[in-house]
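Commentary on secondary and tertiary structure
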Amino acid sequence: MNIVETNPLAFDGLFAQTSPCFNTAAFAELNKSRCDELLYLLFMDKKVRLGLILARKGDLWTSPFSAPFGGFVTKTHQPTIEHV
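How each quantity is defined
- Residues numbered from 1 in each chain as written.
- Predicted model: local features only at pLDDT ≥ 70, side-chain atom pairs only at ≥ 80, totals over all residues.
- Heavy atoms only, no water.
- Phe/Tyr/Trp six-rings, centres within 6.5 Å; stacked < 30°, edge-to-face > 60°.
- Helix = DSSP H or I, 4+ residues; strand = E, 2+ residues; numbered from the N terminus.
- Pairing = 2+ DSSP bridges.
- Axes fitted to C-alpha atoms, helices over the stretch in contact; angles between N-to-C directions.
- Contact = heavy atoms within 4.5 Å.
- Buried < 20%, exposed > 50% of the residue type's maximum accessible area, 1.4 Å probe, protein only.
- Arc of directions from axis to C-beta.
- Salt bridge = Lys/Arg side-chain N within 4 Å of Asp/Glu carboxyl O.

Quick word on the packing of aromatic side chains
A full pass over the atoms with the stated rule returns four aromatic pairs. A centroid spacing of 5.0 Å and a plane angle of 90° characterise the contact between F22 and F27, whose relative ring orientation is edge-to-face. Seen in terms of ring centroids, F43 and F72 are 5.3 Å apart; in terms of plane orientation they differ by 75°. Their pairing is edge-to-face. With F43 in strand β2 (residues 37-44) and F72 in the segment after β4 (60-62), this residue pair connects regions lying 29 residues apart in the sequence.

What follows is the structure, encoded as structure tokens:
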């Protein structure tokens, strides 16, 4: 499994249709003034398995950073801990 950084447009192209609005790059970009840095990550092998938006505030990386939801997203469903 590889972790690859991507951009907001590519992230939403993969996950925006299947994720709650709070787990989209569009929502993260709207609230990016609340953090120092945003990362859009893809977890992949032969295909993209999971996505994750992380925000840095000082020395701390968090997900979620501006809403009650966050964590991993997939293309088809909200992942369970077993899936992850």
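Points about the sheet that holds β4
The strand order across the open sheet built from four strands is β1-β2-β3-β4, with neighbouring strands paired in antiparallel fashion. Each having just a single partner strand, β1 (2-6) and β4 make up the two edges of the open sheet. Mean inter-strand twist for the sheet, computed between neighbouring axes without regard to direction, equals 35°. Relative to the sheet, helix α1 (residues 8-15) contacts β1, β2 and β3 (48-57), its axis offset from that of β3 by approximately 135°.

Here's the deal with α1
All of the buried residues along α1 are F11, D12 and F15. One side of α1 carries all its buried residues, which in axial view fall inside an arc of 95°. Across from the buried face of α1, at angles greater than 90 degrees, the exposed residues are L9 and G13. Structurally, α1 contributes buried residues whose contacts are with β1, α2 (25-30), β2 and β3.

Section: the pattern of salt bridges
In total, this model carries four salt bridges according to the counting rule given. With a shortest N-O distance of 3.1 Å, K32 and E29 are connected by a salt bridge. A residue is classified by how much of its surface remains accessible, and K32, at 43% relative accessible area, is partly exposed. The salt bridge involving D45 is made with R49; its shortest N-O contact spans 3.0 Å.

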